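# A closer look at the structure
Take a look at the letters that make up each chain.
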Amino acid sequence: LFRAIDQLPIGLSLHYGLQRYVTRNLPRRLQTYPIYLSDTLRHWKSLRARARGSDLYLEFGAGWDLFNSLALYCLGIERQLVVDLTNYMRPIMVNAVIKNFQSLPPDGAVRRPERLLTNDPLGQLQAHYGITYRAPSDARAMALDNGSVGLCSTTNTLEHVPPDDLKKIMRE
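Just so it is clear, the model here is predicted, and its values are computed rather than measured. (Residues numbered from 1 in each chain as written. Predicted model: local features only at pLDDT ≥ 70, side-chain atom pairs only at ≥ 80, totals over all residues. Heavy atoms only, no water.)

Attention shifts here to a nonpolar patch on the surface. On the surface, a cluster of nonpolar side chains totalling about 270 Å² of accessible area is made up of Leu8, Ile10 and Leu14. Along the chain, Ile10 turns up in the loop between helix H1 (2-6) and helix H2 (11-22). Ile10 gets classed as exposed once you look at its relative accessible area, which sits at 58%. (Patch = residues over 30% accessible without salt bridge, like charges linked within 9 Å, V, L, I, M, F, W, Y side chains within 5 Å. Areas by Shrake-Rupley, 256 points an atom, 1.4 Å probe, with all protein chains shown as cover. Salt bridge = Lys/Arg side-chain N within 4 Å of Asp/Glu carboxyl O. Helix = DSSP H or I, 4+ residues; strand = E, 2+ residues; numbered from the N terminus. Buried < 20%, exposed > 50% of the residue type's maximum accessible area, 1.4 Å probe, protein only.)

The geometry of helix H4 (residues 67-74) relative to helix H5 (residues 91-103) is characterised by a closest axis approach of 10 Å and an angle of 30 degrees between their N-to-C directions. Classified by the interaxial angle, the pair formed by H4 and H5 is roughly parallel. Seen from above, H4 lies across H5 with right-handed handedness. On H5, the residues touching Phe67, Leu70, Ala71 and Cys74 of H4 are Val94, Val97, Ile98 and Phe101. Per-class residue counts for the contact of H4 with H5 are eight nonpolar, no polar and no charged. (Axes fitted to C-alpha atoms, helices over the stretch in contact; angles between N-to-C directions. Parallel < 35°, antiparallel > 145°, perpendicular 65-115°, else oblique. Left-handed = near helix turned anticlockwise from the far one by under 90°. Contact = heavy atoms within 4.5 Å. Nonpolar A, V, L, I, M, F, W, Y, C, P; charged D, E, K, R; others polar.)

The parallel open sheet is built from four strands, whose spatial order is S3-S2-S1-S4. The sheet is open, and its two edges are formed by strand S3 (131-134) and strand S4 (151-153), each paired on a single side. With direction set aside, neighbouring strand axes in the sheet form an average angle of 15 degrees. One ladder, built from four bridges, connects strand S2 (residues 79-83) with S3; its direction is parallel. Paired with Leu81 across the strands is Thr132, a residue of S3. On top of the sheet, H4 reaches strand S1 (56-60), S2 and S3; it is set at about 175 degrees to S2, its chief contact. (Pairing = 2+ DSSP bridges.)

This brings us to the nonpolar core. Of all hydrophobic cores here, the largest spans 20 residues; its most connected members are Leu66, Leu70, Val94, Phe101, Leu125, Tyr129 and Tyr133. If you list the elements that add at least two residues to this core, you get helix H3 (33-50), H4, H5, helix H6 (121-129) and S3. Looking at this core, the element that brings in the most residues is H4, giving five residues. If we ignore the near neighbours within four places in the chain, the residues touching Tyr133 are Ala62, Gly63, Leu66, Val82, Asp84, Thr86, Asn87, Tyr88, Met89, Leu122 and Leu125. Counting residues in each nonpolar core, the second largest holds nine residues, with Leu56, Leu58, Ala139 and Val161 among its members. (Core = buried A, V, L, I, M, F, W, Y, C linked by side-chain atoms within 4.5 Å.)

Take H4 next. Residues spaced three or four apart along an α-helix point in a common direction, a consequence of the helix completing one turn every 3.6 residues. Counting buried positions along H4 gives eight out of eight residues, so the element sits mostly inside the fold. Those residues of H4 not exposed but buried are Phe67, Asn68, Ser69, Leu70, Ala71, Leu72, Tyr73 and Cys74. Positioned one or two residues after H4, Gly76 has a phi angle of 110 degrees, which is positive.

Quick look at the packing of aromatic side chains now. Here the structure, examined in full by the defined rule, presents six aromatic pairs. A centroid spacing of 4.9 Å and a plane angle of 90 degrees characterise the contact between Tyr33 and Phe67, whose relative ring orientation is edge-to-face. Of this pair, Tyr33 sits in helix H3 while Phe67 sits in helix H4, and the two are 34 residues apart along the sequence. Exposure remark for Tyr33: the relative accessible area of 3% places this residue in the buried category. The ring of Tyr36 carries Arg28 above its face, with NZ or CZ at 4.1 Å from the centroid. We note Arg111 situated over the ring of Tyr73; from NZ or CZ to the ring centre the distance is 3.8 Å. (Phe/Tyr/Trp six-rings, centres within 6.5 Å; stacked < 30°, edge-to-face > 60°. Lys NZ or Arg CZ within 6 Å of the ring centre and 35° of its normal.)

Dropping the structure here:
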């Protein structure tokens, strides 16, 4: 249903409105954070154990609130490239996550986010959190140098990617 909605001229706004005001999944409720953090913590442990060479963490399919990216920032990840086929990111949603991590950081956090996003959200994500957000951006063709990424992951995204496109993403 959401994929069909996304194809409408006002699909992105409708998709966001449904999640925010009908299903009430946005912003994420603080009591749901442990569920989402379990995946993030697994990725973080994998990064520490397997990353080779580059310290750049790549995530594709970041969603509305950059939850995973901000959690990884709290856990000490310095550089992240976050790409999404559609620009879903909403500063109000990102700020909700920042506020919650300010008061209740993830287990194992080495820092807390200090600043909310204001008039230059992309610049502030980069400057304050080491997060480069690219959207719209196609993970099938990012033109990154070989060996420039230490770990690539995604959470709750692959089920939305057609198999042929997934093969292209993995090759990239």
